[in-house]
Amino acid sequence: MLLRKVGFSPVLSTALRLAPSASGSVRPAESSLFTYNGRPYASQAAEAVLDKHATGSETAAKTSTDKKTSDLESKSFAVNMFKGQISTAQVFPFPSVMNEEQTQFLSELVGPVAKFFETVNDPMKNDELEKVEDGTMEGLKEMGAFGLQVPSHLGGLGLTNTQYARLVEIVGMHDLGVGITLGAHQSIGFKGILLFGNKQQKEKYLPKLATGETIAAFCLTEPSSGSDAASIKTVAVQSDCGQYFTLSGGKIWISNGGLAEIFTVFAKTPIKDKTTGEVKDKITAFIVERGFGGVTHGPPEKKMGIKASNTAEVHFDAVRVPLENVLGEVGGGFKVAMNILNNGRFGMAAALSGTMKGVISKAVDHAANRTQFGNKIHNFGVIQEKVARMAMMQYVTESMAYMISANMDMGASEFQIEAAISKIFASEAAWTVTDECIQIMGGMGFMKDAGLERVMRDLRIFRIFEGTNDILRLFVALNGFQNAGKQLKGLQHALKNPIGNAGFLAGEISKRAKRKAGLSSGLSLHGTVHPELAESGELLVKAIEQFGGVVEDQLLKHGKKIVDEQFVLKRVSDSAIDLYAMVVVLSRASRSLSQGHSSAQHEKVLCETWCLEAHDRIMNDMKALQSSSSKRLFKNLRAISTAVVENGGVVSPHPLGF
Amino acid sequence: MAGRVLVGVKRVIDYAVKIRVKPDKTGVVTDGVKHSMNPFCEIAVEEAVRLREKKLMKEVIAVSCGPQQCQETIRTALAMGADRGIHVEVSGKDYENLGPLQVSKIMAALAKKEEASLVIVGKQAIDGDCNQTGQMTAALLDWPQGTFASEVSVDGDGLKVEREIDGGLESVRIKMPAVVTADLRLNEPRYATLPNIMKAKKKKIASVKPADLGVELTSRLEILAVEDPPQRQSGVKVESVQDLVTKLRDSGTL
């Protein structure tokens, strides 16, 4: 009887349609489903991240060697939500990973760092001078701020990711220009050495980097190579004796480019395939010292914001780099780059949650004291909505930052989707929040002295660097689709042997049938979420079920061509971001309620409000995607863009005729 | 002849916090309120550490009297460069009644026990504003004192202390062992750097009870009430001296 059901189920037959659009062969999950013009695309970045080695023993650089964890068993919430499943392992309860000693230590660090930024650092001066004041720089080095995650036996503070996040939050609250100077140095500049360096490289370079005696910089971007990182043209050719590489090329927009002694440089190395004899160009990561000779830099770039941070071109003219300075494997550079960026992303969310806290205080201070129309303006609904939304966005960002840092400290190997989501959310939320703060303060907010316009200018770059939000959205969506696709392939295999997989198939059929009928497929957060948040938990469950269904439908509809459907990918990604945001606030608010915090009721309201609006957004987006009008919408958008580009500007003639 | 310096550090409500009086008027709200080291104690620690760095003293010992949280204050002193700490455990009612007389008895006992050559404390605490502990400690030990110090230098087997007094500056020369109280302009305390905080974790903090030092804590003072200062009344403008005199007579002031 089960057999007949399997054979004739219309729901399942749609799954069979996957076969023709897939590449036809039954083939291992290793190779990416998605390449674009044969070049590594956003999703291959995900592969690069998943396929990493474990190096180093410190918690900060901890990466799990668990390559064997198949995606079907992934613990990541984000990976599972694309399959319409809920994995609570990494998100419930809200993780607290620090032991008493670490918590005590961290609390002792917060005071001095905050005091330094309140009394010594002058953000306005730094912005005016377009550099970090010399005294401040010295103070930061003495303070130990340049080696926060370097192991203590090499001269650093050996902080965990969570501890690092807490301190970076303080920096973000006061001066993002200084934040980038520090971040470009340790979050990406020498992170490669922490993650991929061998013992000799670590012992040689980390001590001086930790004290700030030498500064580091991350060199990937080139004039013709921004988002398309794999297309870099800087070349490193190995000598005949094999003992060194000759590196030549130019990098642009390198933070700390004018200050650094130690550069992590990415270059194309011609590699001969041992079996085929074919020579391929693959990226290799190098540790390059300015002292090697041939390294020059340009004048500091004039920027919109983070003016205190030095940004410059760096040129490499036949620089001799010894073989010992290869970071990771020869040809393994792309993986190194993606892992470095992935590893540092949580820091951005942490810093920006601090920035938002700071500007919100300023706005609220104004709203509580400014009287207009006979009333303090915080009593007016328009202002109240602004303040409420700002508070929610800060709450979500903060929750994301500390959940991810805790997951990383717990040894999670899969957090790249969540990290990307946090970067996208944090940078956009911070921009919106600061914008609204200026709005609340009115004309005052526009004035230099209020300190807000500087923050606004500083924030703009956060949506661009370290992976533009647009690329990261594609990354989130494609990564998710890839995992969902693997699940469907599993289904496909099972169909080849329906008798042996009868139980599994019956479950899958009933799940899809229920979904098509609009019934719940049995997912629940009951018992996981605090009872007072049960309603919001239900909203999340409904949203995930809908989301999972739409993801599968889109995948079946487009197959591999989903890569080209950026209009779809963007919307899927927006919903994914909203889903992750919902789960982090549910988790955090649940914890506060369970622990009976004095702020628990307030957090409950923040959580409920967020979930209500996020749920509606997701449902609308998903419905729109499934509707036929979305196809026409995308077609129209494309047509408009083509015409405008062709015309070199707006097409419609002036209403006045001239 | 490098000796030991004993530095007293007090845990007080942070200077930037807005103080609130408890509804029952027994004191101020301390629960959940940010605390830190008394600013004058920071200056005292800084001076002690500088003396050791100049090799004029060989060891700096930080002392704090109070409940468990005082260890945080001692750790800040260790992070600033003190060599070890002593936590004198006082809690509950004893802590509420702890005043300069009790603390100076403890400091005197410790100074003798540790064979200190110098005791430095802040001139006063920003909560009590008593300005008594240093002076009482010197009296109990029968040691000379240099209070309101704005400059301290070693002069042979004694100290030269520049004191800030109402009329200006006074220089005194006192023999050691001595007690010095630190005033605002004595020095600018260093920031505790993160590596030093880390190193401070390895430094020792010994715990003692007042009874172990033979000190008895009963207070002879009883706090009757703690109240907010009266709200400032608005002033009144008058047109002439005659009006002023009339108003003053009417209010009973004249």
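Under an unreviewed UniProt entry, chain B has the name Electron transfer flavoprotein subunit beta and belongs to Huso huso. Recorded in UniProt for chain B, the comment headed Sequence similarities (unreviewed entry) runs: "Belongs to the ETF beta-subunit/FixA family." Regarding chain B, the UniProt comment filed under Subcellular location (unreviewed entry) reads as follows: "Mitochondrion matrix".

In the nomenclature of an unreviewed UniProt entry, chain A is known as Very long-chain specific acyl-CoA dehydrogenase, mitochondrial of Huso huso. The record in UniProt for chain A states the following under Sequence similarities (unreviewed entry): "Belongs to the acyl-CoA dehydrogenase family."

Residue and element names in this part refer to chain A. Tracing the sequence through the fold places histidine 366 in helix α13 (residues 333-369). Take histidine 366: its relative accessible area is 16%, and that puts it in the buried class. The spatial distance from the C-alpha of histidine 366 to the C-alpha of alanine 429 is 21 Å, given a sequence separation of 63 residues. When near neighbours in sequence (up to four residues on either side) are disregarded, histidine 366 contacts Ile377, Ile440 and Met441.

Residues and elements named next belong to chain B. Counted at 1.5 Å a residue, the expected span for helix α1 (residues 39-53) with its 15 residues is 21 Å, and the 21 Å between its end C-alpha atoms agrees. Of all 15 residues in α1, 12 are buried, a share of seventy percent or more. All buried positions along α1 are accounted for by Phe40, Cys41, Glu42, Ile43, Ala44, Val45, Glu46, Glu47, Ala48, Val49, Leu51 and Arg52. At the C-terminal side of α1, lysine 55 shows a positive phi close to 65 degrees.

Next up on the list: the packing of aromatic side chains. Throughout the structure, instances matching the rule amount to 12 aromatic pairs over all chains. Ring geometry for Phe263(A) against Phe316(A): centres 6.1 Å apart, planes inclined by 90 degrees, an arrangement best described as edge-to-face. Taken together, the residues span a long stretch of sequence, with Phe263(A) in strand β6 (residues 262-272) and Phe316(A) in strand β9 (residues 311-322) at a distance of 53 residues. Grouping residues by exposure puts Phe263(A) and Phe316(A) together as buried. Ring centres of Phe567(A) and Phe634(A) lie 5.1 Å apart, and the angle between their planes is 10 degrees; this geometry places the pair in the stacked category. One end of the pair, Phe567(A), is in helix α21 (residues 566-595); the other, Phe634(A), is in helix α23 (residues 628-647), and 67 residues separate them in sequence. For Phe567(A), a relative accessible area of 24% gives the class partly exposed. Three or more aromatic residues joined by ring pairs form one cluster here, namely Phe116(A), Phe117(A) and Tyr191(B). Taking the ring centre of Trp610(A) as reference, the NZ or CZ of Arg617(A) above it sits at 5.1 Å.

A separate point is the UniProt feature "domain: Electron transfer flavoprotein alpha/beta-subunit N-terminal" (unreviewed entry) in chain B. If you check UniProt for "domain: Electron transfer flavoprotein alpha/beta-subunit N-terminal" (unreviewed entry), the listed places come out as residues 25-217 of chain B in our numbering. Across residues 25-217 of chain B one finds 31% helix and 31% strand; the C-alpha atoms that close the span lie 23 Å apart.

Another aspect to go through is the sheet that holds strand β8 (residues 158-165) of chain B. Residues and elements named next belong to chain B. Pairing is mixed across the open sheet formed by nine strands, whose spatial order is β9-β8-β7-β10-β6-β1-β4-β5-β11. On the outer flanks of this sheet lie β9 (168-175) and β11 (205-208), each paired with one strand and no other. Along the sheet, successive strands turn relative to each other by an average axial angle of 30 degrees, direction set aside. Looking at chain direction, strand β1 (residues 3-8) and strand β6 (residues 118-122) are connected through three bridges and run parallel. Residue pairing across strands places valine 7 opposite isoleucine 120, the latter belonging to β6.

This paragraph deals with the confidence of the model for chain B. Per-residue pLDDT for chain B has a mean of 93; in total, 100% of the residues score no lower than 70. The ipTM value of the predicted complex is 0.73, and its pTM value is 0.84.

All right, on to the confidence of the model for chain A then. For chain A, mean pLDDT is 87; residues scoring 70 or higher make up 88% of the total. Ignoring residues within four places in sequence, the model shows residues 51-72 of chain A, a span with pLDDT below 50, making 40 contacts including any to other chains.

Facing the 11 residues of chain B at the interface are 18 residues of chain A. Of the roughly 1300 Å² buried at the junction of chain B and chain A (both faces included), carbon and sulfur atoms supply 70%. Considering only the side of chain B, the residues that lose the most area to chain A are Tyr191(B), Leu194(B) and Met198(B), jointly responsible for 48% of the buried surface there. Here chain B and chain A share three salt bridges between them. Two residues, Glu42(B) and Lys115(A), come together in a salt bridge whose shortest N-O distance is 3.9 Å. In the side of chain B that touches chain A, the residues fall into six nonpolar, one polar and four charged.

Judged by nonpolar contacts, the single largest core of 176 residues is most densely connected at Met81(A), Leu167(A) and Tyr580(A). When residues in this core are grouped by element, the largest group, 15 residues, is from α21(A). Apart from residues lying up to four places away in sequence, Leu167(A) is in contact with Leu106(A), Leu109(A), Val110(A), Val113(A), Leu148(A), Leu159(A) and Leu194(B). One finds Leu194(A), Ala216(A), Ala230(A) and Leu341(A) within the second-largest nonpolar core, a separate group that totals 30 residues.

Reading the values: rules and limits
- Residues numbered from 1 in each chain as written.
- Chains lettered and ligands numbered in written order.
- Predicted model: local features only at pLDDT ≥ 70, side-chain atom pairs only at ≥ 80, totals over all residues.
- Heavy atoms only, no water.
- UniProt positions renumbered as here; feature names shortened; annotations may be inferred.
- Helix = DSSP H or I, 4+ residues; strand = E, 2+ residues; numbered from the N terminus.
- Buried < 20%, exposed > 50% of the residue type's maximum accessible area, 1.4 Å probe, protein only.
- Contact = heavy atoms within 4.5 Å.
- Expected span 1.5 Å × (residues − 1).
- Phe/Tyr/Trp six-rings, centres within 6.5 Å; stacked < 30°, edge-to-face > 60°.
- Lys NZ or Arg CZ within 6 Å of the ring centre and 35° of its normal.
- Pairing = 2+ DSSP bridges.
- Axes fitted to C-alpha atoms, helices over the stretch in contact; angles between N-to-C directions.
- pLDDT = per-residue confidence, 0-100.
- Buried area = accessible area lost by both parts, 1.4 Å probe.
- Salt bridge = Lys/Arg side-chain N within 4 Å of Asp/Glu carboxyl O.
- Nonpolar A, V, L, I, M, F, W, Y, C, P; charged D, E, K, R; others polar.
- Core = buried A, V, L, I, M, F, W, Y, C linked by side-chain atoms within 4.5 Å.

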